[in-house]
Amino acid sequence: MNAIIVSALLGVILMFCSWGFKSESLQKNIALVGLLVLIAANLAQLNGWYVLDINTKGMLSFSRFGLYANTILFVLTFLYLWINAEEIEAIGHQAADFYALFFFILCGASILTSFDNLLMLFIGIEILSIPLYILTGSDKKNLMSNEAALKYFLMGSFSTGILLLGITLCYGAIGSFRLEAPVIVPSKGMAYEQYLLSAGLILIFAAMNFKVSSAPFHFWTPDVYDGAPTVFTSFMATIVKAAGFIAFIAVFHVQSKALGYSWELLLTFVIVSTLLVGNITAVFQRSVKRMLAYSSIAQAGFMLFALYGVSDFANEGILLYAVVYSVASIGIFAVLVKMKDYGFEAFNGLSKTHPLLAFVTTIFLLSLAGIPLTGGFFAKYYMLNAILTAGAGLWVVIVAVIFAAISVYYYFKVIQAMYFVQGSPAIKELPKTYTYKLLVLAIVLLVLGVFPNLLFNYLYF
Amino acid sequence: MFLLSFLIIPVVAAIVLLFIKHEKYAQDIAIVAGVASLTAAVNIILNNVGVVDLTWLQVLNSRFVLQADGLSKILILLTAISFPAIFIATSKNQVANKNIFLSLMLFTQAGLMGVFLAGDALLFYFFWELALIPVYFLCSIWGGEKRIAVTFKFFIYTFLGSLFMLIGIVYMYMHTKDHSFAYASFKAAGLTNMQQVTAFALFFIAFAIKMPIFPLHTWQPDAYDQSPTSVTMVLSAVMVKMGLYGIMRWLMPLFPSAFSAHTHIVMVLSIIGILYASFIAIKQDNIKKLIAYSSIAHIGLMSAALFANKEMGAQGVLIQLFSHGVNVLGLWIIADIIEQQTGTKLLSEMGGLAKKQPTLAILLVAFSFANVALPLTNAFVGEFLMFNSLFQVNPWMAAAAGVSVVLAAIYTLNMVQKCAYGEVSTAIQKMSANKPAQAVLIVLIIIVFVTGVYPQPLFDLTKDTLLQLFVK
């Protein structure tokens, strides 16, 4: 509750901030302090202290897992802003407007981690999505950005419609919006309600897949990620996606039983097609930014493993995956914004001119590829474990690792360009501290690569 | 806790090297680290040092366990001999950014040592991958013309294999009674026959790619040819042993019924590989490729003997793990001296080494004898035992594999003939003595003959492994 209230308030404050304070560095500091306040408020609730103790009448419920997920999302946003603030300032007139949007997104995210009612799911998703449409189109003079925003908005609204329809059908079947409503397990003679419920759940499933960009609902992703200003792509592909997954799991860890066996079939189909589309298309990309867009689809395929069944591995795994994948992506996008050109050739010879930057980029890429000693390995490991514990067939996992090996191909193309090809990299002037900030991210990945349990120590008390 | 030194020494030295730009000092530090590891290796062979058991990932029930039995010790010894030998023998080579190069080599050493010592499946997987990453950079930065594509193929091939092993490890983990990665829990898992076959297949792919077994060998000759020679030495002397080690450590004890169900097919594949590699070796004019194919043939024989599933064969393999490493290291060092000084890898451009560099020529002949497993050399002991075990299983298989000895004699002696005899060619004319490398070669050749005449210490060293594998 604290997080929802404080983030909404902070959003409003920052919205009007640009009237009072023209200095963009001051606005940045306000946003960063605001994030710290937000983290503190959320931690306060984790320890039983509420700003407002409201009875939500079963609309929201605050589990330790949800609050912990909030903390993670806020800390990631803090890291993101801390690194990318300058780039955000370069877009549009007043950076404070964007910071306000971030806080609204976080407000939506904190609803998504705590909803107990399908209506709140809908509201959370809308609060999360609408600022994203604006962020995508924020580079007003750029046609690509405009196109992406329009496309995203149209397709996003359409998927929201599908979500609503699904929720309605579920309501018709069980007479309640409550997530924890008794699950109707299919019996031999399917009753009318069961058809309704199945249809409703499948529609919700489709809409959620759209939000986390898994195939075959991924078509918007490459264009939007490519068209949006790179700093915002970074935010969309990481923190927003993680929040989407947490909501996704919350719905289907409870309700998937109602679909019976077809749930596994459905999910397996989505997992395999997501891995296929993401990885194979990423191989053929010429631009690193588009490659990362497709790789983000591929990574979503791995995160979907957590949906397969309820287990500690699934819950811990999705948090670990969210952190590791977000940190690595924030890092690699932060390098990308400093490139003058997004082709693979732009990275040629980076190791000669910027050895430390090349090193941290390598760590990010190794982590995305899931090589041991980086957090990415344990993230993938937890996912494999989660899906096998949930009783999936071995073949799904085998398909997944074959695609993981393919992913090495495109991630390593960047490493090859940096280290093995001679040339001068097309990189902008870097402030000195910038690389050190990225080094912090790389260290986080390395630490999680050896001690992933550090992340879970606070999950259970 | 002593076993930790095998990881700490190379890693600390590797980190220090990153900051030492001066070539001479960097070289010295690497050699000192190598010799220190060698001393430690001798210590664990002579004394019982116990195991390392530290808390690591409690949530996953995985512990940081290092332990050494005979199988580990003999490979630790091989690794510990190889690295200082390589550092000394290649000390005169011109390498750009030598400190980084040596640093990555030492990281590789740490990874290899970890593989041979790990007593926990997850830890084993960790080191298995970690040994690969520095090699990827070594080959891609310092390799030959086609290095990037070739190394990439090598990397993806082995990475895919190890991912299958990862699934196998997760699969085993789920079937252990206490949900743990400990070697003992894996061994006590009590799988049904069908489950054993699944797990066996998942592990086997990783090991088969690493060794490599026909038809998964295609990455190897190119990788050997294109890598800088000191990395090739590591690859062929030590790294391929990871596959054989994996079979002896994980496949044979954990999945005995699946193992004995698949012996014949793997033996046949191995023997096809032996003959195939030998015939190609005969046709080679490139000395590096010739040694590479010869190495494939030798490893194939070891894999065939291992899958014969006989005590004698396993004993032969345990000895040969060490002997093959020493022999092939010697051949590579000689090939490297010639290539560095003459700039050619082609046998047709060599000739007259015996006149120009008699010491080197004598060493070449001696190592060639070891390569064809002549009596008195170390390889004879191992190969004799291995052929014996093949014969016990199926005389025809032994005969087919036996052809490889004849073929080995053909290509090896052909190499000696083209390289050492005849008129002094213009390329060989440029050569001068490389003292440190020759000193290393002499030490290695002493090992070859001493273990060839008196292999008993090696038998004693590996006795415990053999007992574990064959006495139920």
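How each quantity is defined
- Residues numbered from 1 in each chain as written.
- Chains lettered and ligands numbered in written order.
- Predicted model: local features only at pLDDT ≥ 70, side-chain atom pairs only at ≥ 80, totals over all residues.
- Helix = DSSP H or I, 4+ residues; strand = E, 2+ residues; numbered from the N terminus.
- Rg over C-alpha atoms; globule rule 2.2 N^0.38 Å.
- Contact = placed C-beta atoms within 7 Å.
- Buried ≥ 20, exposed ≤ 12 C-beta atoms within 10 Å, placed from the backbone.
- Domains from an automatic or database assignment.
- Nonpolar A, V, L, I, M, F, W, Y, C, P; charged D, E, K, R; others polar.
- Core = buried A, V, L, I, M, F, W, Y, C linked by C-beta atoms within 7 Å.
- Axes fitted to C-alpha atoms, helices over the stretch in contact; angles between N-to-C directions.
- Parallel < 35°, antiparallel > 145°, perpendicular 65-115°, else oblique.
- Left-handed = near helix turned anticlockwise from the far one by under 90°.
- Pairing = 2+ DSSP bridges.
- Expected span 1.5 Å × (residues − 1).
- pLDDT = per-residue confidence, 0-100.

A tally of regular secondary structure across chain B gives 24 helices and 2 strands. Whereas a compact globule of 472 residues would reach a radius of gyration of roughly 23 Å, chain B reaches 21 Å, a difference of no more than 12%. Its C-alpha atoms give chain B principal-axis dimensions of roughly 70 × 55 × 45 Å. Put simply, 82% of the contacts in chain B that link residues at least 6 apart link residues at least 24 apart.

Bringing the overall build of chain A into the picture now. When helices and strands are counted, chain A shows 17 helices and 0 strands. Relative to the 2.2 N^0.38 estimate, which gives 23 Å for 461 residues, the radius of gyration of chain A is 21 Å and therefore close to what a compact globule would have. Principal-axis analysis of the C-alpha atoms places the extent of chain A at approximately 70 × 55 × 45 Å. Scored against the burial criterion, the 461 residues of chain A give a buried share of 57%.

What follows concerns the domain arrangement of chain B. Residues and elements named next belong to chain B. We note that the domain assignment places domain 1 (1–261) and domain 2 (262–472) within chain B. The distance between the C-alpha centroids of domain 1 and domain 2 comes to 22 Å. Every contact between the two is made by 43 residues of domain 1 and, on the other side, 46 residues of domain 2. Those elements giving two or more residues to the side of domain 1 that touches domain 2 turn out to be α3 (70–89), α10 (219–226), α11 (229–239), α12 (241–254) and α13 (256–261). With 11 residues, α3 is the largest single contributor of residues to the side of domain 1 that touches domain 2.

Below, the discussion takes up the interface of chain A and chain B. Facing the 22 residues of chain A at the interface are 23 residues of chain B. Breaking the side of chain A that touches chain B down by element, the ones donating at least two residues are α15 (375–389) and α16 (394–420) of chain A. Tallying contributions element by element places α16(A) first for the side of chain A that touches chain B, with 13 residues. Classifying every residue of the side of chain A that touches chain B gives 18 nonpolar, 4 polar and no charged.

This part is about the nonpolar core. If you look at the biggest cluster of nonpolar residues, it comprises 369 residues, and the most contacted ones within it are A:Tyr321 and B:Ile334. In terms of residues, this core owes the most to one element, helix α12 (residues 312–337) of chain A, which gives 19 residues. When neighbours within four sequence positions are excluded, A:Tyr321 is seen to be in contact with A:Phe302, A:Met303, A:Ala379, A:Tyr382 and A:Met383.

Residue and element names in this part refer to chain B. Packing of helix α4 (residues 98–117) against helix α5 (residues 121–130) leaves a shortest axis separation of 8 Å and a crossing angle of 150°. The pairing of α4 with α5 is recorded here as roughly antiparallel in orientation. Crossing geometry of α4 relative to α5 is assigned as left-handed. Contacts between α4 and α5 involve Gly111, Gly114 and Val115 from the former and Phe124, Phe127, Trp128 and Leu130 from the latter. A per-class count over the contact of α4 with α5 returns 5 nonpolar, 2 polar and no charged.

All names here are of chain B. Two strands pair when backbone bridges link them, and strand β1 (residues 52–57) and strand β2 (residues 62–66) are joined in this way by 5 bridges, in the antiparallel orientation. Directly across from Val52, in β2, lies its bridge partner Leu66. Remark: 4 residues form the turn of the hairpin made by β1 and β2, two consecutive strands paired antiparallel; Asn61 in that turn has positive phi of roughly 65°.

What follows concerns helix α14 (residues 263–283) of chain B. For α14(B), spanning 21 residues, the distance from its first C-alpha to its last is 31 Å, which sits close to the expected 30 Å at 1.5 Å a residue. Lining the buried residues of α14(B) we find α15 (287–307) and α20 (395–420) of chain B.

Residues and elements named next belong to chain A. Along its sequence, chain A is organised into domain 1 (1–259) and domain 2 (260–461). Taking only C-alpha atoms, the centre of domain 1 and the centre of domain 2 are 22 Å apart. Listed per partner, the contact involves 42 residues of domain 1 and 38 residues of domain 2. Mapped onto the side of domain 1 that touches domain 2, the elements with two or more residues apiece are α3 (64–89), α7 (192–211), α8 (220–227) and α9 (230–255).

Model confidence for chain B is summarised by a mean pLDDT of 88, while 100% of its residues fall at 70 or above. Interface confidence in the predicted complex, given as ipTM, is 0.86; pTM for the same model is 0.90.

Moving on, we come to α15(A). Residue and element names in this part refer to chain A. Helix length check: α15 (15 residues) gives 21 Å between terminal C-alpha atoms against 21 Å at 1.5 Å per residue, within 8%. Burial analysis of α15 places 14 of its 15 residues in the buried class, the great majority of the element. Following α15 by one or two positions, Gly391 has its phi on the positive side, about 95°.

Here A:Thr389 shows up in helix α15. Setting aside residues no more than four positions away along its own chain, A:Thr389 makes contact with A:Ser311, A:Phe313 and B:Met174.

Right, let's get into the environment of A:Val251. All names here are of chain A. Among the structural elements, Val251 can be located in helix α9. Overall, Val251 belongs to the buried group, with 20 C-beta atoms counted inside 10 Å. The sequence separation of Val251 and Asn117 amounts to 134 residues, and the corresponding C-alpha distance is 9.4 Å. Other than its neighbours up to four places away in sequence, Val251 contacts Leu121, Leu179, Ile204 and Met208.

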